[in-house]
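Spelled out, the chains give:
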Amino acid sequence: MADVALQSNRAAQAARKRGSLHRMLKRKSTMAFLMTLPLILLIATLVIYPAFYALHLATLNKSMQRFVGLSNFEFLFRRETFWLVVKQSCIFAITAVIFKAVLGFIIAHFVHNIPAKGQRKWRGMLLVPWVIPPAMSTLAWLWLFDPSYSAFNYTLSFFGIGPIPWTGDAMWARFSVILVNIWVGAPFFMIMYLAALKSVPEQLYEAAAIDGANWWQRIWYVTLPMMRNIIAITTLFSLIVTFANFDIVRILTAGGPLDHTHIFATWAFRIGIEGSDIPLGASVSLFMVPILAVAAIFILRDVNKRGNES
Amino acid sequence: MATVTIDKAAPTRKVKYGSMSRDRTWALRWSYFFLVIFAIFSLTPPIYMLITSLKSSAEISAATNPWWVFHPTLENYLGLLTSNQFLRFFWNSAIVSIFVVTITMLISVPAAFALARMRFWGSAVLATGVFLTYLIPETLLFIPLFKMFAVIGDWTGIQLINRWYVLLILYPTLTVPFCTWIMIGYFASIPKELDEAAIIDGASWIQTLTRIFIPVAFPGIIAATIFAFTVSWAQFLYPLVFTTSTDQLVMPVGIITTLIKGDVFNWGQIMTGALLGAAPPLIIYAFLMDYYIAGLTAGATKG
């Protein structure tokens, strides 16, 4: 005992000797600042700075030596491909997100319906698409869609359905890209909704059942209102991710046929990196900002609201 | 089950109970029916990868039934696992992922602790900022980052583009915000009494973190680690933009750029490569599914 007391006493003396620097380091706010410093530096140099740098780049000419103001944007607005990309990005993101949300909701319900001890197994199987790196699974889809040895066309031929140009025709290519995106993203919704479904109190359903509500009314008046928050946040989050998607479109169609599946990210890559017109590529990618900002504001409002509730 | 309900129910209510349990049986049957369909939809691509990876290229081009392997062979696996190039991709991916996970945890755990427990000037704003950066997709930043690193290379002579280690700088921008965010959630759920007791007993902030918070929030740390690993293993855009020489590539980009030669697709090898590339996340998922799902849902529900 005495020994310990002596030691701590000595330590205290030593600390006093080392003076004010050490005392400052011991202060809570200094300590907290030092602990968050790497995070702040990372965000400042690799996220915030490049974001503003993109704005600067977008105002330069192709060789990046001359300030050209907004003429990059003017150039884009006059190009037909740009409007095609805008249209396709919106169709892609909105269709994919709606289908992912609806499919996820349905699957979550079915998983929730079955006895609890089997749920784990099914959930595990259904989440596999989300776990495989999208670049790898898209390769498998590309091979399933292959024009000459396509496994899908082989199967469909038994039903008398002619060979479908999965990635060759503009409409079919758009369909394929969206299908793969739904395949990758629906499990995420399923998991989120399943977690939310489990948190809806059983008594509410019992009360509804006593009041004579059928299954549709139970979903409409009990499940959906209880899950409103999680549905909103998941959908907005998925909208951001889908809108900014790159891997799937790049590997499946690379924007083809004739730019008919390009979305903002893949077109920016084509122009900025492959075409080495960095300023124009930066201007294209900047068009993702407005929709991201709107979605982010809504998500943030929701997160803060729930933070206050709890 | 049925007999029990009949025994307990009064005779007049028998019919109603019967119809209700029949409804339930049918609901269950429909659930299983649709779940089987969805499971087939989910598992078709990975299973097809496996089927194709076991075929020789002769069998693939013979256009026999694509859903069946008539002459299973491991030549694709042997071919890839003995190719130095492929092993190099695997090695690069592994090194990058391990380093990124370490860097991520070293940055995000202390930061999350400070943001969750040590209220200081601007901490609330910073926490929101972390969440916002998590929402910024990499497709928005790759062009300015590419130019930034090119300029740094010109100015200082430190060549970062086309080196695998540039990914160590880039990937944390994707992993750190999310990991910090979920760790804030996990740390915030630890009762205040615990760290107050530690502080009263004379523990420093660092000791409180390492002796109390990290052990108590260990499930959260595992979830964050899994997330950081899967994100860095699966990332495709940054390596595609920043690395080009074959000895600097990571798995996803390596498979796509080297196995696809012009218009010639060696599908057997591509599918084998894709399967091997998908294997590490799948194995982790198979063993740590609950942590994986906890991390996934924590991002949106813990906020």
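As the structure is a computational prediction, the values presented were derived from the model and not from experiment.

Draft legend 1. The arrangement of the overall build of chain A in detail. Each helix and strand in chain A was counted, giving 16 helices and zero strands. Here chain A, with 310 residues, has 39% of them falling under the buried criterion. Of the contacts made within chain A by residues no fewer than 6 positions apart, 66% connect residues no fewer than 24 positions apart.

Draft legend 2. Just the overall build of chain B, in detail. Looking only at helices and strands, one finds 16 helices and two strands in chain B. Principal axes of the C-alpha set define a box for chain B whose edges measure 90 × 75 × 30 Å. The buried share of chain B, taken over its 303 residues, is 45%.

Draft legend 3. Structural detail: the interface of chain B and chain A. Between chain B and chain A, the contact holds 75 residues from the first and 74 residues from the second. Sort the elements by how many residues they give to the side of chain B that touches chain A and helix α2 (residues 14-53) of chain B lands first, with 15 residues. When the residues that make up the side of chain B that touches chain A are grouped by side-chain class, the tally is 60 nonpolar, 14 polar and one charged.

Draft legend 4. Molecular detail of helix α9 (residues 172-188) of chain B. Taking 1.5 Å of rise per residue, 17 residues should cover 24 Å, and α9(B) covers 23 Å from first to last C-alpha, within 8% of that figure. For α9(B), the tally of buried residues reaches 15 of 17 residues, placing the bulk of the element in the interior.

Draft legend 5. Spatial organisation of the domain arrangement of chain B. Residue and element names in this part refer to chain B. Domain parsing of chain B yields domain 1 (2-53) and domain 2 (75-296). Look at where the C-alpha atoms of domain 1 and domain 2 centre, and you get two points 40 Å apart. Contacts between the two partners involve four residues from domain 1, matched on the other side by seven residues from domain 2. Of the residues assigned to the side of domain 1 that touches domain 2, the class counts are two nonpolar, two polar and no charged.

Draft legend 6. Structural context of the confidence of the model for chain A. On average, residues of chain A score 82 in pLDDT, and 89% of them reach the 70 mark or higher. This model gives residues 1-6 of chain A a pLDDT under 50, and the stretch forms zero contacts once residues within four places in sequence are excluded.

Draft legend 7. Summary view of the packing of helix α3 (residues 28-57) of chain A against helix α5 (residues 84-117) of chain B. Running from amino to carboxyl end, α3(A) crosses α5(B) at an angle of 125 degrees, the nearest separation of the two axes being 8 Å. It follows from the interaxial angle that α3(A) and α5(B) lie oblique. Of the two possible hands of crossing, α3(A) and α5(B) adopt the one that is left-handed. The residues of α5(B) that touch α3(A), namely those facing Ala32(A), Met35(A), Thr36(A), Pro38(A), Leu39(A) and Leu42(A), are Ile107(B), Ser108(B), Pro110(B), Ala111(B), Phe113(B), Ala114(B) and Leu115(B). In terms of residue class, the contact of α3(A) with α5(B) is built from eleven nonpolar, two polar and no charged.

Draft legend 8. Looking closely at unusual backbone geometry. Residues and elements named next belong to chain A. Of note, the phi angle at Leu258 is positive, near 50 degrees, even though the residue is not glycine. Although it is not a glycine, Ser276 sits at a positive phi angle of roughly 40 degrees. Among the secondary structure elements, Ser276 is positioned in the loop between α14 (264-274) and α15 (278-286).

Draft legend 9. Region of interest: the confidence of the model for chain B. Mean pLDDT for chain B: 82, with 90% of residues reaching 70 or above. Across residues 1-17 of chain B the pLDDT falls below 50, and counting only partners more than four positions away or on other chains, this stretch makes six contacts in the model.

Draft legend 10. Molecular detail of the environment of Val176(B). Mapped onto the secondary structure, Val176(B) falls in helix α9. Residue classification places Val176(B) among the buried positions, given that 29 C-beta atoms sit within 10 Å. Taking the C-alpha atoms as reference points, Val176(B) and Ile103(B), separated by 73 residues in sequence, lie 8.6 Å from one another. Residue contacts for Val176(B): discarding those within four places in its chain leaves Leu39(A), Leu42(A), Thr104(B), Ile107(B) and Ser108(B).

Draft legend 11. Here's a closer look at the environment of Leu160(B). Residue and element names in this part refer to chain B. Mapping Leu160 onto the fold places it in the loop between α7 (138-156) and α8 (166-170). When the 17 C-beta atoms within 10 Å are taken as the criterion, Leu160 is described as partly exposed. Spatially, the C-alpha atom of Leu160 lies 20 Å from that of Thr104, the residues being 56 residues apart in sequence. Beyond its immediate chain neighbours, meaning those up to four positions away, Leu160 contacts Phe149, Ile152, Gly153 and Val166.

Cut-offs used in this document
Residues numbered from 1 in each chain as written. Chains lettered and ligands numbered in written order. Predicted model: local features only at pLDDT ≥ 70, side-chain atom pairs only at ≥ 80, totals over all residues. Helix = DSSP H or I, 4+ residues; strand = E, 2+ residues; numbered from the N terminus. Buried ≥ 20, exposed ≤ 12 C-beta atoms within 10 Å, placed from the backbone. Contact = placed C-beta atoms within 7 Å. Nonpolar A, V, L, I, M, F, W, Y, C, P; charged D, E, K, R; others polar. Expected span 1.5 Å × (residues − 1). Domains from an automatic or database assignment. pLDDT = per-residue confidence, 0-100. Axes fitted to C-alpha atoms, helices over the stretch in contact; angles between N-to-C directions. Parallel < 35°, antiparallel > 145°, perpendicular 65-115°, else oblique. Left-handed = near helix turned anticlockwise from the far one by under 90°.

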